[in-house]
Amino acid sequence: MSINELYVVTGATGRTGSAVAKTLLDAGKRVRVVVRDEPAGDVWTTLGAEVAVADFSDGFALCRAFSGADGVYIVSPPQYSSADLFSQARAMAHTIAAAAKEAKLAKIVALSSIGAEQAEGTGWIAMNRMLETSFIDTGLPVTFLRAAYFMENWRPLVKMAVLQRQLPSFLSPLNQKFPMIATEDIGRIAAEALCENWLGVRVIDLEGPDRYSPNDVAEYVSLKFGKAIQPVSIPESDWVQSIAGQGFSAAAIDGFIEMTQGLNSGHITFQDRSGIERRLGTVKLDAMIDALAAG
């Protein structure tokens with residue numbers, strides 16, 4: 001493997017993208033991060049990365065950012081405030097895929113989601129399916145990382161739990177164990193995948209070393225903060241009210257509800273299928289809660 005190989009990382013200001021870029025830089029790889037605003041690239045310049053400025057709606061700028069790359073990590077940010085977020089996601093996926101094909105990328109690693117193989121009933125995850133479809137149509141070598149529920153999704157709920165001594169949970173039933181993964185692990189595994197070679201389309205399911213129930217989360221919080229925390233299911237009738245005021249459009253709220261219903265019912269889950277690789281992260285949920293306590 002040439003030490004001059006160049007890897008391009010999108011979403012470098014986000015959690016998984018920053019983890020990918022840092023992992024590659026720590027391994028001595030050449031990295032070019034893609035940011036939407038030039039000042040956001042300053043910290044990466046300091047760390048030794050190249051910086052390209054491009055918006056995911058600008059195919060020409062993306063193609064230029066991808067130019068000369070030996071591999072690209074793609075994470076497509078959803079526009080949750082938009083009434084047309086699904087249409088925008090489809091258009092963005094087409095633009096990114098067209099730029100990748102024009103740049104003749106050798107390989108792509110794209111962040112997708114558990115349940116992306118499902119044609120319906122997945123809410124927000126439908127946007128990941130759109131991205132997968134667009135990349136498959138390019139004929140380029142692509143790896144889809146179908147990640148489980150992000151552990152970091154618990155952060156705001158854990159903070160509420162410490163104050164209120166109740167852990168509200170959208171996931172239900174409270175004793176059901178769900179696959180979860182830390183974004184730190186996603187980034188590390190994505191960086192490793194970028195340095196691998198394969199042909200065609202590859203799918204890798206990602207989850208952490210253990211599965212957790214809302215009851216487990218409440219128990220970890222109780223132990224860490226020395227307070228008795230009671231897990232409580234948020235009734236579906238209260239879901240809209242619970243996330244109102246967070247900048248979500250009506251379409252985004254509908255998508256959240258459908259996705260959460262799919263997770264709770266088991267419609268959105270990892271399937272045991274031949275040809276699907278599974279990789280496990282190392283970060284456990286209690287480590288994330290420890291980080292919350294330290295912060």
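To start, this report covers the structure provided alongside it.

Conventions and cut-offs
- Residues numbered from 1 in each chain as written.
- Predicted model: local features only at pLDDT ≥ 70, side-chain atom pairs only at ≥ 80, totals over all residues.
- Heavy atoms only, no water.
- Helix = DSSP H or I, 4+ residues; strand = E, 2+ residues; numbered from the N terminus.
- Rg over C-alpha atoms; globule rule 2.2 N^0.38 Å.
- Buried < 20%, exposed > 50% of the residue type's maximum accessible area, 1.4 Å probe, protein only.
- Contact = heavy atoms within 4.5 Å.
- Areas by Shrake-Rupley, 256 points an atom, 1.4 Å probe, with all protein chains shown as cover.
- Axes fitted to C-alpha atoms, helices over the stretch in contact; angles between N-to-C directions.
- Parallel < 35°, antiparallel > 145°, perpendicular 65-115°, else oblique.
- Left-handed = near helix turned anticlockwise from the far one by under 90°.

1. Some details on the overall build of the protein chain
Inference 1: Looking only at helices and strands, the protein chain features eleven helices and 13 strands.
Inference 2: Taken over C-alpha atoms, the radius of gyration comes to 19 Å for the protein chain, in line with the 19 Å a tight globule of 295 residues would show.
Inference 3: Along the first, second and third principal axes, the C-alpha set of the protein chain runs to 55 × 40 × 40 Å.
Inference 4: Within the span of the protein chain, comprising 295 residues, buried residues form 51% of the whole.
Inference 5: By sequence separation, contacts in the protein chain at least 24 residues apart represent 76% of the contacts at least 6 residues apart.
Inference 6: Within the structure as shown, the protein chain displays about 13400 Å² of accessible surface, and the carbon and sulfur contribution to it stands at 50%.

2. Things to note about the packing of helix α4 (residues 85-102) against helix α5 (residues 126-136)
Inference 1: For the pair α4 and α5, the least separation of the axes is 9 Å and the interaxial angle reads 25°. Taken together, the axes of α4 and α5 are roughly parallel relative to one another. Relative to α5, the crossing made by α4 is right-handed. The residues of α5 that touch α4, namely those facing Leu85, Phe86, Ala89, Arg90, Ala93, His94, Ile96, Ala97 and Ala100, are Ala126, Met127, Met130, Leu131, Ser134 and Phe135.

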